[in-house]
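An overview of the molecular structure
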Amino acid sequence: MTSEEKLLESPENTPFRVEESEENQGIVKKWYAVHTYSGFEDRVKELLEERISSSGLKKYFGDIIVPKEDVIVKNTKGGKNKVKRKFYPGYIFVNMNVNTDSWHLLKGTPKVTGFVGDQLNPIPVDETEMEKIVSQITEGIKRPKAKIEFSKGDSVKIIEGPFSGFNGVIDEIKADKSKLEVLVSIFGRATPVELDFIQVERN
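Below: a short report on this structure. For clarity, every value in this text was computed on a predicted model and none was experimentally measured.

The rules behind the values
Note that residues are indexed from 1 along each chain, following the sequence as it is written. A pLDDT threshold of at least 70 governs which residues receive local features in this predicted model, and a stricter bar of 80 or more applies before side-chain atom pairs are shown or counted, although totals over entire chains, interfaces and linings include all residues. Remark: hydrogens and water are excluded; side-chain values derive from all non-hydrogen atoms of the structure. By definition, two strands form a pair when at least two bridges between them are found by DSSP. Secondary structure elements are defined from DSSP: runs of H or I of at least 4 residues count as helices, runs of E of at least 2 residues count as strands, and each element is numbered from the N terminus. With axes taken as lines fitted to C-alpha atoms, and helix axes fitted only over the stretch in contact, angles between N-to-C directions fall between 0 and 180 degrees. Only protein chains enter the accessibility calculation, which uses a 1.4 Å probe; a residue whose area is less than 20% of its type maximum is buried, one above 50% is exposed, and one in between is partly exposed. Any pair of N or O atoms that falls within 3.5 Å is considered a polar contact. Within protein, one atom must be able to donate a hydrogen and the other to accept it, and sequence-neighbouring residues count only if both atoms are side-chain atoms.

What follows concerns the sheet that holds strand β10 (residues 179-186). Spatial strand order, β11-β10-β9-β8-β12: 5 strands in an open sheet with antiparallel pairing. Edge positions in the open sheet fall to β11 (189-196) and β12 (200-202), since each of these has one partner strand only. Geometrically, the sheet is characterised by an average inter-axis angle of 45° between neighbouring strands, direction not taken into account. The pairing of strand β8 (residues 155-158) with strand β9 (residues 167-174) spans 3 bridges and is antiparallel. For Lys157, the partnering residue across the bridge sits in β9 and is Asn167.

This is how it looks when you write it as structure tokens:
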């Protein structure tokens, strides 16, 4: 048994305490980043939800999210598919009250490595950062992004829009907007044209 496990075996020595506001204001929950085996994020979420439901500790847990966004990718037939992409691979975010019982329940979930940061005294995710993550999820669903497959200087062919059929060179990549600035030769002059990722393909 490790020193960490010995410390947690004894309730009086546990570094966790249920918030004292439980009786008057309800149990205080905060967001925590939890590290998982990469590729098992969704499965960990399912297992954790099952364990919470059967443990009698549901009052200590809130939402569990696997941050994802919709991404447009080209398929082998030349069409486009919308797929889900995790933008924090290897992590899930859990809204919970950290105490001895909830800590053990989470840590005992298969494929969970532990909390990000101090394992004995987990630091919650800053509320502002959590708002950004939730906003990113919302925006990613409302406006699917095209998967980035380009680099500055790449030669591309425009396949959609008024410049369809033209060739050009990527001068700038605007990843946050899923757009490219492509230099296109129009009447012998290099003219910058802003295009969506899905409007071009590599030559």
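The subject of this paragraph is the environment of Asn99. Considering the arrangement of structural elements, one finds Asn99 in the loop between β5 (91-96) and α4 (100-107). Judged by its relative accessible area of 3%, Asn99 is buried. Between the C-alpha atoms of Asn99 and Tyr60, which are 39 residues apart in sequence, the distance is 8.4 Å. At a separation of 2.9 Å, a polar atom in the side chain of Asn99 contacts the side chain of Asn97.

Moving on, we come to the pairing of β9. With 6 bridges joining them, β9 and β10 adopt antiparallel strand pairing. Its bridge partner lying in β10, Ile170 is registered against Val182.

Glancing now at the pairing of β10. Here β10 shows a clear split, with Leu180, Val182, Val184 and Ile186 buried on one side and none of Lys179, Glu181, Leu183 and Ser185 buried on the other. Where β10 meets β11, 8 bridges bridge the pair, whose relative direction is antiparallel. Considered in β11, the bridge of Leu183 is made with Pro192. Where β10 hands over to β11, the hairpin turn is made up of 2 residues, of which Phe187 adopts a positive phi near 55°.

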